[in-house]
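Each chain is listed here by its residues.
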Protein chains: 2
Amino acid sequence: MSRPLYGAIEAGGTKFVCAAGYGPGELIASLRAEIPTSTPELTLGAVGAFFERVRAHGRPLAGIGIGAFGPVDLDPRSRDWGRMLATPKPGWSRVSLIEPLARFNCPIAIDTDVNAAARAEACLGAGLGVSSLAYVTVGTGIGGGVVIDGRAVKGLLHPEMGHILVRRDARDGDFGGTCPFHADCLEGLASGPALVARWKSPVESWPETHPGLEIAGGYLGQLAATIALMLSCERIVFGGGVMSSGRLLPFIRAAAARQLNGYLPIEARAGGFERYIAAAALGSLAGLTGAMLLAGAPPPAGAPPPA
Amino acid sequence: MSRPLYGAIEAGGTKFVCAAGYGPGELIASLRAEIPTSTPELTLGAVGAFFERVRAHGRPLAGIGIGAFGPVDLDPRSRDWGRMLATPKPGWSRVSLIEPLARFNCPIAIDTDVNAAARAEACLGAGLGVSSLAYVTVGTGIGGGVVIDGRAVKGLLHPEMGHILVRRDARDGDFGGTCPFHADCLEGLASGPALVARWKSPVESWPETHPGLEIAGGYLGQLAATIALMLSCERIVFGGGVMSSGRLLPFIRAAAARQLNGYLPIEARAGGFERYIAAAALGSLAGLTGAMLLAGAPPPAGAPPPA
């Protein structure tokens, strides 16, 4: 009997990455496409063409998983399930990511890109051994996904934790923040574009003594502490472009520890802040891996991360 | 056949309330006890004696549910499951709330008092019709519980959302806060004792024009917005002594709406802030009701709140 094939879509604001394979560690190299996010017609048309090619591969398609940029309706009881909500991305508001896939006659699952990444890190990455995990990406924006016992947290919408209000650092002066909705919410203070606006250079170029590291690390550390206090996650994983140099993570850990001040049993029950607040292990594969898992693909038992 | 009897314990820092009945709406008046929280030996001894009395009632005891003050170990895989963690309450650290009940040979379930209250409000109170709900109590401290699809959120420990850092209101001057761990975290600024320390009188005595209403409502509104952004709950319910006058709730709603600034679809999907941020419906019965549900007691189908 043929092993079933699973499809995965990482639907981003810049590009859609499509892939297929037998599982998250067994993607088929020839079945992969990167499609620019242009108009819904062009992009989703190319996605459909990709899955026609998968179907021509001659194996049954057992499911398609989508990790999508938001905001997107994730409520399966809603008639807008799988549809983009109001988004600044021109032409994409109210577009269904699911309808163009209906013709493949297989189960389709959708979640946010960060919930998908959280699922992947929880199952195969930095979350091995824990049953609740938050994944935070710091890049063009700041987003977070949460998985508890294999289920992603969602409800009214999905977590939008980049937009929480943080206490300002007096050393940050009167920088007004860059968020069009909230000015100096966390994303307005500590996303990649916010840090460039504030310091005139990207984090990757900062020397180890750059004052922005402690200030931005402090804001992101407040998010980590807030995750611990609000969601009681067993691990918090940071990924995304702004994190890639590895410079910020020690400042995030230090700020979270300082703020919590021994209140939560991080040392006794999570192995200390070094383990509790971890770097993402799957890198740029997290979203696609999460989408494969959403599709229903079996994770390789005890396998190391496919990164 | 006898209908099974369920036991419930609301284990508070001041008193333990014990009850038994056929369901949350069917408590048996004669099977109820209020036991002062003194030493673990005395208090838990009296709890045991209460359940001996329940057993003498002649019906099988099908389960006991406990809603407990924290911090308490809620991880069923832990050897400390059901045991108090380090608590300032003298003599109670590392005390098991479950061991003294083992002799009754029935399933025992434990959760925090606020998770139990969240479960009760979600099932029978202000959360009717939604599948994810946060319950916040504002009293001697500030605590919150969250139930998503009938499951309470817990992990490393349990939510301790009273201790998040909020952005200070400039009008609040240099008030240092009352939290022994974090000084001016939310609980240190907006719990009952904090408001008395700051304003020299309790909220209940404030006139409608008291400046503290907008400031404290602003801090609690920040918590509401943070719940919406972190957990994406479909409803947020406020209860507890500080809320009982009803004065603060409009300020909380206004502050949350101002902060979110249209970012989340509260109007479109939650019926507006008036419905989204609601007063607790079960009042002082929430904890005991939640404990009955934890015990496995069936909720009355479509019944109105038992308050």
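Calculation criteria
Residues numbered from 1 in each chain as written. Chains lettered and ligands numbered in written order. Predicted model: local features only at pLDDT ≥ 70, side-chain atom pairs only at ≥ 80, totals over all residues. Heavy atoms only, no water. Helix = DSSP H or I, 4+ residues; strand = E, 2+ residues; numbered from the N terminus. Expected span 1.5 Å × (residues − 1). Buried < 20%, exposed > 50% of the residue type's maximum accessible area, 1.4 Å probe, protein only. Pairing = 2+ DSSP bridges. Axes fitted to C-alpha atoms, helices over the stretch in contact; angles between N-to-C directions. Contact = heavy atoms within 4.5 Å. Buried area = accessible area lost by both parts, 1.4 Å probe. Salt bridge = Lys/Arg side-chain N within 4 Å of Asp/Glu carboxyl O. Polar contact = N/O pair within 3.5 Å; in protein donor to acceptor, adjacent residues only side chain to side chain. Parallel < 35°, antiparallel > 145°, perpendicular 65-115°, else oblique. Nonpolar A, V, L, I, M, F, W, Y, C, P; charged D, E, K, R; others polar. Least-squares fit on C-alpha atoms with pLDDT ≥ 70 in both. Arc of directions from axis to C-beta. Phe/Tyr/Trp six-rings, centres within 6.5 Å; stacked < 30°, edge-to-face > 60°. Lys NZ or Arg CZ within 6 Å of the ring centre and 35° of its normal. Core = buried A, V, L, I, M, F, W, Y, C linked by side-chain atoms within 4.5 Å.

Visitor: How should I be thinking about helix α2 (residues 113-124) of chain B in this particular structure?
Guide: Counting along an α-helix, one turn takes 3.6 residues, and residues three or four places apart therefore face a common direction. All names here are of chain B. Spanning 12 residues, α2 covers 16 Å between terminal C-alpha atoms, matching the ideal 16 Å at 1.5 Å per step. Of all 12 residues making up α2, 10 are buried, and the element is well covered by its neighbours. If you check which residues of α2 are buried, you get Val114, Asn115, Ala116, Ala117, Ala118, Arg119, Ala120, Glu121, Ala122 and Leu124.

Visitor: So what exactly am I meant to see when it comes to the sheet that holds strand β3 (residues 27-36) of chain B here?
Guide: Strands in a sheet are paired, the pairing made by backbone hydrogen bonds, and the direction either parallel or antiparallel. All names here are of chain B. A sheet is described by the order of its strands in space; here five strands give the open sequence β3-β2-β1-β4-β5, paired in mixed fashion. The strands lining the two open edges of the sheet, one partner per strand, are β3 and β5 (108-112). Each neighbouring strand pair of the sheet contributes to a mean axis angle of 15 degrees, computed without reference to strand direction. Sheet topology places strand β1 (residues 5-11) next to strand β2 (residues 15-21); six bridges connect them, and they run antiparallel. Residue Ala8 lies in a different strand from β2, and its bridge partner there is Ala19. The strands that helix α1 (residues 40-56) touches are β1, β2, β3 and β4 (61-68); relative to β3, the one it contacts most, it runs at about 165 degrees. Against the sheet, helix α9 (residues 286-294) engages β1, β2, β3, β4 and β5, with an angle of about 135 degrees to β1.

Visitor: What should I look at first to understand the interface of chain B and chain A in this one?
Guide: How large an interface is tends to be reported as the accessible area lost when its parts come together. If you look at the interface, chain B gives 48 residues, while chain A gives 48 residues. When the two sides are added together, the surface that chain B and chain A hide from each other amounts to roughly 4,300 Å², 58% of it contributed by carbon and sulfur. Considering only the surface of chain B that becomes buried against chain A, Leu156(B), Arg167(B) and Met230(B) emerge as the three largest contributors, covering 22% of it. Viewed at the interface, chain A and chain B are joined by eight salt bridges. Here Asp73(A) makes a salt bridge to Arg269(B), at a shortest N to O gap of 2.5 Å. Here chain B is connected to chain A by 28 residue pairs in polar contact (both at pLDDT 80 or more). Elements represented by at least two residues in the side of chain B that touches chain A include exactly α5 (211-231), α6 (249-260) and α7 (266-270) of chain B.

Visitor: Help me out: how do you make sense of the packing of helix α5 (residues 211-231) of chain A against α5(B) in this one?
Guide: For any two helices packed against each other, one specifies the inter-axial angle together with the distance between the axes. α5(B) packs onto α5(A) with a crossing angle of 90 degrees between their chain directions and a minimal axis gap of 11 Å. Between α5(A) and α5(B), the crossing angle belongs to the class labelled roughly perpendicular. Mapping the contact onto sequence places Leu223(A), Thr226(A), Ile227(A), Met230(A) and Leu231(A) in α5(A) and Leu223(B), Thr226(B), Ile227(B), Met230(B) and Leu231(B) in α5(B). In terms of residue class, the contact of α5(A) with α5(B) is made up of eight nonpolar, two polar and no charged.

Visitor: I keep staring at the relation of the copies chain B and chain A and nothing clicks. Help me out?
Guide: These two copies of the chain differ by a rotation about an axis and a displacement along the same axis. The two copies are related by a screw motion: chain B maps onto chain A through a turn of 180 degrees and a shift of 0.0 Å along the axis, at an RMSD of 0.0 Å. Here the transformation between the copies is reduced to the relation of a two-fold axis. Using C-alpha coordinates, one finds that chain B approaches the rotation axis most closely at Arg167(B), a distance of 2.2 Å. Same-surface contact between copies: 100% of interface residues of chain B are shared with the interface of chain A.

Visitor: Please explain α1(B) as it appears in this structure.
Guide: Residue and element names in this part refer to chain B. Its 17 residues place the ends of α1 24 Å apart at the C-alpha level, agreeing with the 24 Å of an ideal helix rising 1.5 Å per residue. Within the sequence span of α1, burial applies to Pro40, Thr43, Leu44, Val47, Gly48, Phe50, Phe51 and Val54. Each buried residue of α1 lies within a common arc of 155 degrees when the element is viewed along its axis, so the set occupies one face. Among the exposed residues of α1, those oriented more than 90 degrees off its buried face are Glu41, Leu42 and Ala56. On its buried side, α1 packs onto β1, β2, β3 and β4.

Visitor: So what exactly am I meant to see when it comes to the environment of Ser78(B) here?
Guide: Within the element layout of this structure, Ser78(B) appears in the loop between β4 and β5. The contacts of Ser78(B), once residues within four sequence positions are left out, are Arg269(A) and Asp73(B). A distance of 2.9 Å separates the side chain of Ser78(B) from the backbone nitrogen of Asp80(B), its partner in a polar contact.

Visitor: Where do I start with the sheet that holds strand β8 (residues 151-152) of chain B in this structure?
Guide: Residue and element names in this part refer to chain B. The strand order across the open sheet formed by five strands is β8-β7-β6-β9-β10, and the pairing between neighbours is mixed. Pairing within the sheet leaves two strands with one partner each, and these edge strands are β8 and β10 (277-279). Sheet topology note: the strand β6 (residues 132-138)/strand β9 (residues 235-239) ladder contains five bridges and is parallel. Its bridge partner being in β9, Thr137 is matched across the sheet by Gly239.

Visitor: It is not clear to me how the packing of aromatic side chains should be interpreted in this structure. Could you clarify?
Guide: All chains considered together, the criterion is met by 14 aromatic pairs over all chains. Ring centres of Phe273(A) and Tyr276(A) lie 6.4 Å apart, and the angle between their planes is 85 degrees; on these two criteria the pair is classed as edge-to-face. You can see Phe273(A) and its partner Tyr276(A) sitting in helix α8 (residues 273-276), three residues apart, about one turn around the helix. You can call Tyr276(A) buried: its relative accessible area is 1%. Their ring planes at 85 degrees and their centres at 5.0 Å tell us that Phe50(B) and Phe51(B) sit as a pair that is edge-to-face. Summarising the burial analysis for this pair, Phe50(B) and Phe51(B) share the class buried. Following the ring pairs from residue to residue traces out a cluster consisting of Phe16(A), Phe69(A) and Trp92(A). The side chain of Arg198(A) reaches across the aromatic face of Trp199(A), ending 3.9 Å from its centre.

Visitor: How do you make sense of the nonpolar core when you look at a structure like this?
Guide: Inside soluble globular proteins, nonpolar side chains tend to come together where they are buried. By size, the foremost hydrophobic cluster in this structure holds 100 residues, and its most contacted members are Ile227(A), Phe238(A), Ile227(B) and Phe238(B). Those residues in contact with Ile227(B), other than ones at most four positions away along the chain, are Met230(A), Ala134(B), Val136(B), Met161(B), Ser232(B), Cys233(B) and Ile236(B).

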